[in-house]
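Coordinates in review
Here's the letter readout for the chains.
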Amino acid sequence: MTALLIDGIAALVTNDPGLGAGPLGLLADAAVVVDSGRVAWVGPSSAAPAADARHDTEGRAVLPGFVDSHAHLVFAGDRTAEFAARMAGEAYTAGGIRATVAATRAASDSELAANLDRLAAEAARQGTTLIECKSGYGLTVGDEARAVRLAHRVTDEVTYLGAHIVAPEFADDPAGYVDLVTGPMLDACAPHARWIDVFCERGAFDGDQARAILAAGLARGLVPRVHANQLGPGPGVRIAVETGAASADHCTHLTDADIDALAGSATVATLLPGAEFATRSAYPDARRLIDAGATVALSTDCNPGTSFTTSMPFCVALAVREMGMTPDEAVWSATAGGAAALRRDDVGRVTPGIRADLVELDAPSHVHVAYRPGVPVVRTVWRAGEVVARG
Ligand SMILES: [Zn+2]
């Protein structure tokens, strides 16, 4: 592999305060050298070493690739009619997931793989260089195992979410379904997953069930993440912190105690504004979380029911407009924040030694991610030094 010099960068977001200004470690007139898939050098353009090849950004901004730490990409079908009905005034309930479960079970492996690949490519074109992917639309041993296996097509950050909702066959026996999720289904999925997740919400799994599911996963070496406090207040955030979860996701309805618990823990609060957008719901209060000292990540929650977007730039724009975040905070949360939510120290920054996941914007500043919503602001995307999308 040859070394590549990327120079002429008007604004480089490094996310390393040791390299530049503020929490974003912002460098003006910067350059980056990429070698063997890693960042080899970062500094002023005028001092850049020679390399085999050169990419002149001509005054554009470069930032770390987006880390989307929450996505549901293994599914079939869509829920256009449900979305339209909701926009006409119907309320969202967790039950809509059942429609996707039926379509996913009926789909062939190749249909699921094609949809997964299409969505991962769509995310990459918008600057996502690492994405997490959950199961959760199979809800049988075979269908969940198929989902975690297929997810490896697009990522190593695979999450077992057998506890998305109680499978329809167990509607009258939720305890029986928890036994399945913590028993044979876990046996089949654990070898293919890094994480275990549970939808802890009224209509899905209560606190005791969530604790049992996460404990079973922990015993098999899976690390918890929790769908918590999305539709109403509840025990999800508390359980996430208690079980040492990497992330509590949604965090829309939080008490002061929930916020204190997050701020005093290593559990990241992952906010998913695409879900509030697509369900026309009140957004989480990012300002309150950040001011309390919690680590905040932003993700798409890409799924066919409640947030059918793969666009991290869209989520950054929503976070700034609707959740009280500054553009700097939102860009940090969509990059370094996502890396923290996946407990990865090799992505989410632009510093020597780190994986060369970079986004060149078609703009002179990272602020344009929020300032120019809905336009194709991402120009070039490198993952581990390879171009994966070019505008
Ligand atoms: Zn989700």
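About the thresholds
- Residues numbered from 1 in each chain as written.
- Predicted model: local features only at pLDDT ≥ 70, side-chain atom pairs only at ≥ 80, totals over all residues.
- Heavy atoms only, no water.
- Helix = DSSP H or I, 4+ residues; strand = E, 2+ residues; numbered from the N terminus.
- Contact = heavy atoms within 4.5 Å.
- Core = buried A, V, L, I, M, F, W, Y, C linked by side-chain atoms within 4.5 Å.
- Buried < 20%, exposed > 50% of the residue type's maximum accessible area, 1.4 Å probe, protein only.

A few words on the environment of Val 316. The residue Val 316 is located in helix α12 (residues 312-322) in this model. Counting along the chain gives 70 residues from Val 316 to Ala 246, while the straight-line C-alpha distance between them is 21 Å. Those residues within four positions of Val 316 in sequence are excluded, and the remaining contacts are Leu 298, Ala 330, Val 331, Ala 334, Val 369 and Ala 370.

Here we come to the nonpolar core. Ranked by internal contacts, the top residues of the largest apolar core, which has 90 residues, are Tyr 160, Tyr 177, Phe 205, Leu 262, Leu 289, Leu 298 and Leu 361. Those residues in contact with Leu 289, other than ones at most four positions away along the chain, are Leu 254, Ile 259, Leu 262, Ala 269, Leu 271, Ala 294 and Val 296. Membership of the second largest hydrophobic core comes to 16 residues, among which are Ile 9, Val 34, Val 42 and Leu 358.

Turning next to unusual backbone geometry. Phi angles above zero are rare outside glycine, and Leu 139 is one such case at about 65°. Along the chain, Leu 139 turns up in the loop between β8 (133-134) and α4 (141-151). For Leu 139, a relative accessible area of 1% puts it in the buried group. Of note in this structure, Asp 301 is not a glycine but carries a positive phi near 60°. On the secondary structure map, Asp 301 appears in the loop between β14 (296-298) and α12. With a relative accessible area of 3%, Asp 301 lands in the buried category.

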